[in-house]
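Architecture and fold: a report
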Amino acid sequence: MASSGLHSNGYSLVRKICFDILGLTVESHVPELGKVLGEELLTPTRIYTETILTLIRDLPVHGLAHITGGGLPDNLLRIIPKSCGVRLRRGSWDIPAIFPFLQAAGKIEEREMLRTFNNGLGMVAVVPERSSQEILERLRAMDEKAWLVGEVIEATSAAERFQLSDG
C-alpha cells in the first residue's frame, strides 16, 4: 500500500541532503517536488488501521509490515520465516518524487535507499498468491493505492533473503 511520503524515517539523512548539501530551507520551492520543501517534510504519516482491519476481517493475510526504520529489507524479513526471502520487482509500484530527488542529490545507492526509506510502500501485506488479485481489488475499492510488488521465495542463505528483480 502506498505511503504518504517519507513518513517518519530517514530524517537525519534528509536533513543532511536538503539543508547541509543543497543549502535549502523549509521555504525553498523544489521544482522536482512541485512544492515547498517544508510542506513535503511535514506530510503526515499514513495510518493504515482501518484498511488493515477491514482487510484481515474477510481475507487471508499471513503477515503485515509497516515500512519504518530499516526500510523494506529489515521490515519484510522480520515477518517471514528464516528459510524464506522476498523478491521485489523494480517498477511495480509508484515512487513519490521525494525519493528520487533525495537519491540523486545525496548520491545514495539503491540498497541504501531501500534500507533507509519506504520508497513509496508504507505497508506491505504477505498474502497467498491465489488471493492476491482479490485483495488488490478490495484495497482499490477502499481507495487505496496498492500493487503486487513481489513474492516470498525460498532462501538458502542470508544473501538470498532480500532480492530485487527487473520486471
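1. Some thoughts on the overall build of the protein chain
Within the protein chain, the secondary structure is distributed over seven helices and seven strands. Its helices and strands taken in sequence order, the protein chain reads α-β-β-α-α-β-α-β-α-α-β-α-β-β from the N to the C terminus. Compactness check: the protein chain gives a C-alpha radius of gyration of 17 Å against a globular reference of 15 Å for 167 residues, within 12% of the reference. Considering only C-alpha atoms, the protein chain reaches an extent of 50 × 40 × 25 Å along its principal axes. For the protein chain, the proportion of its 167 residues judged to be buried stands at 44%.

2. Focus on helix α1 (residues 11-21)
Along α1, the residues that are buried comprise V14, I17 and C18. Each buried residue of α1 lies within a common arc of 80° when the element is viewed along its axis, so the set occupies one face. Facing away from the buried side of α1, by more than 90 degrees, are the exposed residues S12 and D20. On its buried face, α1 is in contact with α2 (37-41) and α5 (98-106). Among the residues trailing α1, G23 stands out with phi positive, at a value near 70°.

Calculation criteria
Residues numbered from 1 in each chain as written. Predicted model: local features only at pLDDT ≥ 70, side-chain atom pairs only at ≥ 80, totals over all residues. Heavy atoms only, no water. Helix = DSSP H or I, 4+ residues; strand = E, 2+ residues; numbered from the N terminus. Rg over C-alpha atoms; globule rule 2.2 N^0.38 Å. Buried < 20%, exposed > 50% of the residue type's maximum accessible area, 1.4 Å probe, protein only. Arc of directions from axis to C-beta. Contact = heavy atoms within 4.5 Å.

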